[in-house]
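Each chain, written out:
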Amino acid sequence: MGIGTRIKELRLRAKLTQEGLAAKIGVTPSAVGNYERGVSFPKEEVLMALFEALNCTPNELLGNVNAEDEHIRKYRALDNPGRERVDRCTENELARCKQDNDNADTVLIAARKGGVPHEITLKRRGEKTIFDVPTYKGGR
């Protein structure tokens, strides 16, 4: 799906006409039509205005939507009390993760044949120790 199709979908989701979107981003309605049909591509400053006017992320507009973008879209749709609740939950989870990382010990080990030392993190959870071993990037 091209950017023109995404612009049209996001414009309709925002309940805007081509004229309404054009007024928000500082171009003519025919320019918006050209973007949507793929005749022309918006310049950088117009893209920045599109993100704001369509209330979307760059990934969402350019067709690279992922789970993080979906969370951001949902967050933006919340009212202020909802955003405050999500912010408190996020802060609590960050504190919990920081505490888990503070309880971890890091050990340096040497690679074979005189290679560069690698870090291995040992995390303690209850009576278990969990090894966080880096991905091996060597080869034969």
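Structure: see above.
Caption draft 1: Molecular detail of the overall build of the protein chain. If you tally the helices and strands in the protein chain, you get seven helices and three strands. Overall, the protein chain shows an N-to-C arrangement of helices and strands of α-α-α-α-α-α-α-β-β-β. For the protein chain, contacts bridging at least 24 residues in sequence account for 31% of all contacts bridging at least 6. Accessible area for the protein chain stands at about 10600 Å²; split by element, carbon and sulfur atoms hold 52% of it.

Caption draft 2: Representation of unusual backbone geometry in the model. Phi at Lys15 takes a positive value of approximately 60°, unusual for a residue other than glycine. Mapped onto the elements, Lys15 comes out in the loop between helix 1 (3-13) and helix 2 (18-25). Given the relative accessible area of 76%, Lys15 is considered exposed. Positioned with a positive phi, Asn55 is a non-glycine residue whose angle comes to about 50°. For Asn55, the location among the structural elements is in the loop between helix 4 (44-53) and helix 5 (58-62). Residue Asn55 is classed as partly exposed on the basis of its relative accessible area, which comes to 40%.

Caption draft 3: Inspection of helix 1 at higher detail. Here helix 1 has its buried residues at Ile3, Gly4, Arg6, Ile7, Leu10 and Arg11. For helix 1, the angular spread of the buried residues around the axis is 160°, confining them to a single face. Tucked inside the fold, the buried residues of helix 1 contact helix 2, helix 3 (29-37), helix 4 and helix 5. Downstream of helix 1 by one or two residues, Lys15 has phi in the positive range, about 60°.

Caption draft 4: Fine view of a negative patch on the surface. A contiguous patch of negative charge, built from Asp79, Glu84, Asp87 and Glu91, is present on the exposed surface. Within the secondary structure layout, Glu84 lies in helix 7 (residues 80-102). For Glu84, a relative accessible area of 46% puts it in the partly exposed group.

Caption draft 5: Local environment of the pattern of salt bridges. Within the structure shown, the criterion is met by four salt bridges. For Arg13, the salt bridge is made with Glu60, and the minimal N-O distance between the two is 2.8 Å. Of the two residues, Arg13 is situated in helix 1 and Glu60 in helix 5; the sequence distance between them amounts to 47 residues. A relative accessible area of 38% places Arg13 in the partly exposed class. A relative accessible area of 6% means that Glu60 is categorised as buried. Across the pair Arg96 and Glu93 runs a salt bridge whose closest N-O atoms are separated by 2.8 Å.

Caption draft 6: Just the nonpolar core, in detail. Counting residues in hydrophobic clusters, the biggest one holds 18 residues, and the most contacted among them are Ile7, Leu21, Ile25, Leu50, Leu54 and Leu61. Counting only elements with at least two residues in this core, the list comes to helix 1, helix 2, helix 3 and helix 4. The greatest single-element share of this core, amounting to five residues, is contributed by helix 4. Excluding its chain neighbours within four sequence positions, the residues that come into contact with Leu61 are Ile3, Arg6, Ile7, Leu10, Leu47, Leu50, Phe51, Leu54 and Cys56.

Procedures and definitions
Residues numbered from 1 in each chain as written. Predicted model: local features only at pLDDT ≥ 70, side-chain atom pairs only at ≥ 80, totals over all residues. Heavy atoms only, no water. Helix = DSSP H or I, 4+ residues; strand = E, 2+ residues; numbered from the N terminus. Contact = heavy atoms within 4.5 Å. Areas by Shrake-Rupley, 256 points an atom, 1.4 Å probe, with all protein chains shown as cover. Buried < 20%, exposed > 50% of the residue type's maximum accessible area, 1.4 Å probe, protein only. Arc of directions from axis to C-beta. Patch = residues over 30% accessible without salt bridge, like charges linked within 9 Å, V, L, I, M, F, W, Y side chains within 5 Å. Salt bridge = Lys/Arg side-chain N within 4 Å of Asp/Glu carboxyl O. Lys, Arg positive; Asp, Glu negative; His and termini not counted. Charge placed at Lys NZ, Arg CZ, Asp CG, Glu CD. Core = buried A, V, L, I, M, F, W, Y, C linked by side-chain atoms within 4.5 Å.

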